[in-house]
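Residue strings, one per chain:
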Amino acid sequence: MPMAHQSDQLPPRAGRAASLRSRYLMAMALMAALLFGTVWLLQHYIGGIRAERIQSTQARHAAAQAEVDRLSSLPLPQLAAEVMTRGFGPDGPAEDGLPSVSMIVDAFVPGLAHLDDASHQQMEEVVGEGVQVLEHASLVRSTAWGGEGGLYYTATRLGRAALASDAVDRIIAGGSL
């Protein structure tokens, strides 16, 4: 049997230590790979969530602007009828109390005030015009409420009757129930 080189033969304790060291290094390499993989996955997951949020926000902005454009293009009587139905009809903000124009805007585009100030302001102007037509037709009246100031609106008896008999358009046009 050929003679082994002195460095090839390690005492039993040294061999065991070398084996433990290599296992330790393998475990550390495995942990580093898992950590790197986890970080990579988290970055891509979070990046995907951010991209989805950006796309969702952009879609909500586009939908809000489309609604502003749609309402702005309506003739005033038709706008007023839609404001009456959405703001003062079933499931509208008037069902829970006295809505402001901003609350009626929220019936058209929920959460718009938190999404886009410019679109919200445009929408308030358009919806406010519809409310004004409703006031002139005696379907709603303004009221001050509480110490907060501002204007709030309530449907009149005529307004509630017009909603109940689906006659809002007719009343706005100058007709009667």
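Computed from a predicted structure; not experimentally measured.

So, the packing of helix H3 (residues 101-108) against helix H5 (residues 117-136)
Contact pair H3 / H5: the axes reach a minimum separation of 9 Å and the direction vectors enclose 105°. Between H3 and H5, the angle falls in the class roughly perpendicular. Between H3, through Val-101, Ser-102, Ile-104, Val-105 and Phe-108, and H5, the contact on the second element is made entirely by His-120, Met-123, Glu-124, Val-127, Gly-128 and Val-131. Its residues placed into classes, the contact of H3 with H5 shows seven nonpolar, three polar and one charged.

Concerning the packing of helix H2 (residues 76-88) against H3
For the pair H2 and H3, interaxial distance at closest approach is 9 Å and the crossing angle is 90°. Here H2 is positioned roughly perpendicular relative to H3, judged by the angle of their axes. Every residue of H3 that contacts H2 at Glu-82, Val-83, Arg-86, Gly-87 and Phe-88 is listed here: Ile-104, Ala-107 and Phe-108.

With respect to the nonpolar core
Side chains that are nonpolar tend, in soluble globular proteins, to be buried together. Residues Met-123, Val-127, Leu-134, Leu-139 and Ile-172 are the most contacted members of the largest nonpolar core, which totals 31 residues. At the level of elements, helix H1 (12-73), H2, H3, H5, strand S2 (152-155) and helix H7 (168-172) are the ones that each hand at least two residues to this core. Beyond its immediate sequence surroundings of up to four residues, Ile-172 is in contact with Pro-77, Ala-80, Ala-81, Val-133, Leu-134, Ala-137 and Leu-139.

What to know about the pairing of S2
Side chains of S2 alternate between two faces, with Tyr-152 and Thr-154 and Tyr-153 and Ala-155 buried alike. Pairing analysis gives four bridges linking strand S1 (residues 140-143) to S2, with the strands arranged antiparallel. From the neighbouring strand, Thr-143 faces S2, where its bridge partner is Tyr-152.

Notes on H3
Those residues of H3 lying buried are Val-101, Ile-104, Val-105 and Phe-108. Buried residues of H3, viewed axially, fall in a sector of 105°; they line one side.

Topic: the side chain of Ser-119
By the secondary structure assignment, Ser-119 is in helix H5. Since its relative accessible area comes to 2%, Ser-119 is described here as buried. Within the structure, the side chain of Ser-119 is placed 3.4 Å from the side chain of Gln-65, a separation counted as a polar contact. Contact partners of Ser-119, with chain neighbours within four places excluded, come to Gln-65, Val-68 and Leu-112.

Conventions and cut-offs
- Residues numbered from 1 in each chain as written.
- Predicted model: local features only at pLDDT ≥ 70, side-chain atom pairs only at ≥ 80, totals over all residues.
- Heavy atoms only, no water.
- Axes fitted to C-alpha atoms, helices over the stretch in contact; angles between N-to-C directions.
- Helix = DSSP H or I, 4+ residues; strand = E, 2+ residues; numbered from the N terminus.
- Parallel < 35°, antiparallel > 145°, perpendicular 65-115°, else oblique.
- Contact = heavy atoms within 4.5 Å.
- Nonpolar A, V, L, I, M, F, W, Y, C, P; charged D, E, K, R; others polar.
- Core = buried A, V, L, I, M, F, W, Y, C linked by side-chain atoms within 4.5 Å.
- Buried < 20%, exposed > 50% of the residue type's maximum accessible area, 1.4 Å probe, protein only.
- Pairing = 2+ DSSP bridges.
- Arc of directions from axis to C-beta.
- Polar contact = N/O pair within 3.5 Å; in protein donor to acceptor, adjacent residues only side chain to side chain.

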